[in-house]
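# Structural characterization, general
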2 protein chains.
Amino acid sequence: MEPPQENIVIRGWVRTKRDMKNLVFVEVNDGSCFSSIQCTFDGVPVPPGLSTGCSVEISGTLIASPAQGQAVEVAALSITLLGDAPGEEKNGIAPYPLQKKRHSLEFLRELPQLRGRTNTLAAVMRVRNRLSYAVHRFFQDRGYHYLHTPVITGNDAEGAGSMFRVTTLDPARKAAGAAQAAESIAAKQGDSPYAGDFFGRETFLTVSGQLEAETYATALSRVYTFGPTFRAENSNTVRHLAEFWMIEPETAFFRLPENMTLAEDFLKFCLNTILDECAEDLAFFNERIEKGLIDTLRSVVESEFVHLTYTDAIAELEKAQGSRPFEFKPYWGCDLQSEHERFLTEELIKGPVIVTDYPREIKAFYMKQNDDGKTVRAMDVLVPRLGEIIGGSEREENLEALERRMAELGMNAEHYSWYLDLRRYGTVPHSGFGLGFERLTQYITGMTNIRDVIPYPRAAGQLF
Amino acid sequence: MEPPQENIVIRGWVRTKRDMKNLVFVEVNDGSCFSSIQCTFDGVPVPPGLSTGCSVEISGTLIASPAQGQAVEVAALSITLLGDAPGEEKNGIAPYPLQKKRHSLEFLRELPQLRGRTNTLAAVMRVRNRLSYAVHRFFQDRGYHYLHTPVITGNDAEGAGSMFRVTTLDPARKAAGAAQAAESIAAKQGDSPYAGDFFGRETFLTVSGQLEAETYATALSRVYTFGPTFRAENSNTVRHLAEFWMIEPETAFFRLPENMTLAEDFLKFCLNTILDECAEDLAFFNERIEKGLIDTLRSVVESEFVHLTYTDAIAELEKAQGSRPFEFKPYWGCDLQSEHERFLTEELIKGPVIVTDYPREIKAFYMKQNDDGKTVRAMDVLVPRLGEIIGGSEREENLEALERRMAELGMNAEHYSWYLDLRRYGTVPHSGFGLGFERLTQYITGMTNIRDVIPYPRAAGQLF
């Protein structure tokens, strides 16, 4: 909007109020962008007690600003105080906890209902929003179908991590009674003690939508999931959540090379979109959260991702082990540690790298087996400053090979009969990958603690 | 693509194969759209056993089709059979269950891993996909921020329905042990038997993201949720799921009139998008699932939604009760039944209607109270052929009024202190609404059973 504009109405929350001679300056923010707008009261009275956090409605004229650092401001004609935010205890209400000063992220974590009103968390949530939309735009523009895979599942995740149980039985208060009831129903209906539970069987919160995504990729050709996933792991780190959002594209007729290209294009599109559309928020993160952030993101966007087999990667790591010892000594067959991944992407390649063809022993049962009998067509995308950001693979589409692998691992083929159907009937090569949305948001914002990039973080012992 | 085009490659699944003299016609579909493409083999051999469900790769030339009902076809030069789908038992594998014939939706429900390969389910999932994206486009274009509200919650939903428990305790198999362990930990840590559970307290699957959405609406001004929600209700009907997706926009500074406009615009945008972008799939639903479907959708898009207070609606219902008795006799204070809603929208108004200002006794605690002391600023959007499709309200933003209402209802204010903070600090008028995504998908596709519009339906006793 070009100034001057009469009859402007501003609604939002007061960030600061400054009194200068006959003037009062009130900075108002409504969360739609990083910048607040300055409203200048020249001889116009402001309500007593107006302070940080109050909600207001201000009428006036948008004018070019004489002040530095802002193109426009509002010459205010009137102000209505919509909601108070007392700076001191008042009528039994504690003072507004987000007074104008820097608050630690730890402190803000205890106030999830209010922390969205701070510069940092609002910027994170705006980036998170644009990033979500970028995910959808990327896949929709390429003919992918958004698939809502189920949250409640009967699959037991095959070691992908500890799972939360979903139940209408009560394990504590009525434990004895519920167990008794369940057992008595079970005795009638069959052998499962969960015959009396809501679904008549054991159910859990999903750890991944991949297997179900495969069922629809072999129907609609291109699908992606973007939904919540869960791990009941007791990991109280800055990188783990018990509830987080995952993105999992799955593509029929793709083999590993096409899957790698998709992952590279996807990551670049996401970063580019935020660089383009969230410049103001990113400038803040670059300045206050992590220096050099924007340069890192730009360099990823401008790079060509290098491809490296796991076997070659191990050779390089073993070579490097002479001059700069790793905590975990690398050897063929080991899982790559974070220090190894960061060496590969930050020191060896100095840019994004996709490591492929991992030993099958350290990867999931569904990955496509190579002819060497030792490796699978897995891929991990590693980026500087983080390490692994995407993991994926071509899937084993051959029925006999998949059944053999499941038998080796002692898996119950009966339980996966539905999944094996995809190999029994019209099987096709297909590939996919997964990435944690919060991990990506952390990477783009530079936020250190994953609990600060999701509105309401859930972790062991912590539920705000 | 304009024919002729040489060196075309088609990858997909065989829908039908017909042999005619020296010609073989193979219809191939890859799920990207409703139509299959016909590949004609003139003197080119096709693999033995090629049949419905097989996956194939076909090379040839795209040509203008001499046949009726299709603009183009492929003059095939070669074909590779990627995956068999035996029509009869073969090597111990049962015949492909989706042979070329009509299958009942009941039958398909037992095969969620394969039913996406049928015309009906693929069409539903394509519409569902475009509808999901339309939701995002609508809100993103209006400056709304997509908010991921938590799935695991400590809120007890205040009677919004039965909830699933989330736990790492085991209520059946190790019931006695778990209860004992939980109790012994509880004895050490405090008074809750859930002190030993993952979060150190009782947790459930969310029934709504609204309260958390309000916390971010009063920070970013405009937010919307689009995520899974859960009800552990034992309702085995064609309209209920235990797990379904909800859309809940929440807007700061909106009062009821703006909220009504948003709901109307939103619904029209969704319907219009599908009419525009899924014409082929809709034509199928109109022809095979519900006659008149497209006309109904068009009439909603072209209508102006009528506004009617609950009090006026009851007066009209009471008037109509004389000539056409309702099963449930309407009276001021009653909850509107489906038959009442359909009378209002289908017979009285003959179009979409928004009923407002319901008795506070039949609505939720957080709704804005009118000055009459009897009604709240609720709104339900009713549409022909369905009844209620959207429910919402202006929210009570006055601290004292909200606390008074919660006390009347015997609610624990302590437990909602975080929510009351929004009224303690910088409170603003705000409004929102919710709608069930599967209900909307049913409305648009005409599908009778809600289990046929979600990839993996979850209902009491049923988990495929």
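Below you will find a few notes about this structure. Values in this document were obtained by computation on a predicted structure and should not be read as measured data. (Residues numbered from 1 in each chain as written. Chains lettered and ligands numbered in written order. Predicted model: local features only at pLDDT ≥ 70, side-chain atom pairs only at ≥ 80, totals over all residues. Heavy atoms only, no water.)

## Here we look at the interface of chain B and chain A
- Counting residues at the interface gives 110 residues for chain B, matched by 110 residues for chain A.
- Where chain B abuts chain A, roughly 8,800 Å² becomes buried across the two surfaces, and 64% of that area is made up of carbon and sulfur atoms.
- The three residues of chain B that bury the most area against chain A are His148(B), Phe198(B) and Tyr425(B), which together make up 9% of that side's buried surface.
- Counting every contact that joins chain B to chain A gives 2 salt bridges.
- For the salt bridge of Asp170(A) with Arg165(B), the shortest nitrogen-to-oxygen distance reads 3.1 Å. (Contact = heavy atoms within 4.5 Å. Buried area = accessible area lost by both parts, 1.4 Å probe. Salt bridge = Lys/Arg side-chain N within 4 Å of Asp/Glu carboxyl O.)

## Notes on the pattern of salt bridges
- In the structure shown here, the tally under the stated rule is 58 salt bridges over all chains.
- A salt bridge links Asp84(B) to Lys90(B), with the shortest nitrogen-to-oxygen separation between them at 2.5 Å.
- A relative accessible area of 39% means that Lys90(B) is categorised as partly exposed.
- One salt-bridge network, in which partners are shared between bridges, spans Arg255(A), Asp357(A), Arg377(A) and Glu394(A). (Buried < 20%, exposed > 50% of the residue type's maximum accessible area, 1.4 Å probe, protein only.)

## Regarding the nonpolar core
- Residues Phe266(B), Leu271(B) and Ile390(B) are the most contacted members of the largest nonpolar core, which totals 244 residues.
- With residues up to four places along the chain from it excluded, the contact list for Leu271(B) reads Leu297(B), Val300(B), Val301(B), Leu440(B), Tyr443(B) and Ile444(B).
- In terms of nonpolar packing, the next biggest core, distinct from the first, is built from 24 residues, Leu463(A), Val151(B), Phe198(B) and Phe199(B) among them. (Core = buried A, V, L, I, M, F, W, Y, C linked by side-chain atoms within 4.5 Å.)

## A few points about the sheet that holds strand E15 (residues 387-394) of chain B
Residues and elements named next belong to chain B.
- Read from one edge of the open sheet, 8 strands run E6-E10-E11-E16-E15-E14-E13-E12, paired in mixed fashion. In this open sheet, the two edge strands, each paired with only one partner strand, are strand E6 (145-146) and strand E12 (306-309).
- Alignment of strand E10 (residues 222-230) against strand E11 (residues 243-252), held across 9 bridges, turns out to be antiparallel. Paired with Pro228 across the bridge in E11 is Trp245.
- Its contacts with the sheet place helix H2 (residues 119-141) against E6, E10 and E11, and it is angled at close to 150° to E10.
- The sheet contacts of helix H12 (residues 437-445) involve E10, E11, strand E14 (375-383), E15 and strand E16 (430-436), and relative to E16 the element is tilted by about 60°. (Pairing = 2+ DSSP bridges. Helix = DSSP H or I, 4+ residues; strand = E, 2+ residues; numbered from the N terminus. Axes fitted to C-alpha atoms, helices over the stretch in contact; angles between N-to-C directions.)

## What to know about the pairing of E11(B)
- Burial analysis of E11(B) places 10 of its 10 residues in the buried class, which makes it a mostly covered element.
- Residue alternation in E11(B) divides its side chains into two sets, Glu243(B), Trp245(B), Ile247(B), Pro249(B) and Thr251(B) and Phe244(B), Met246(B), Glu248(B), Glu250(B) and Ala252(B), and both sets are buried.

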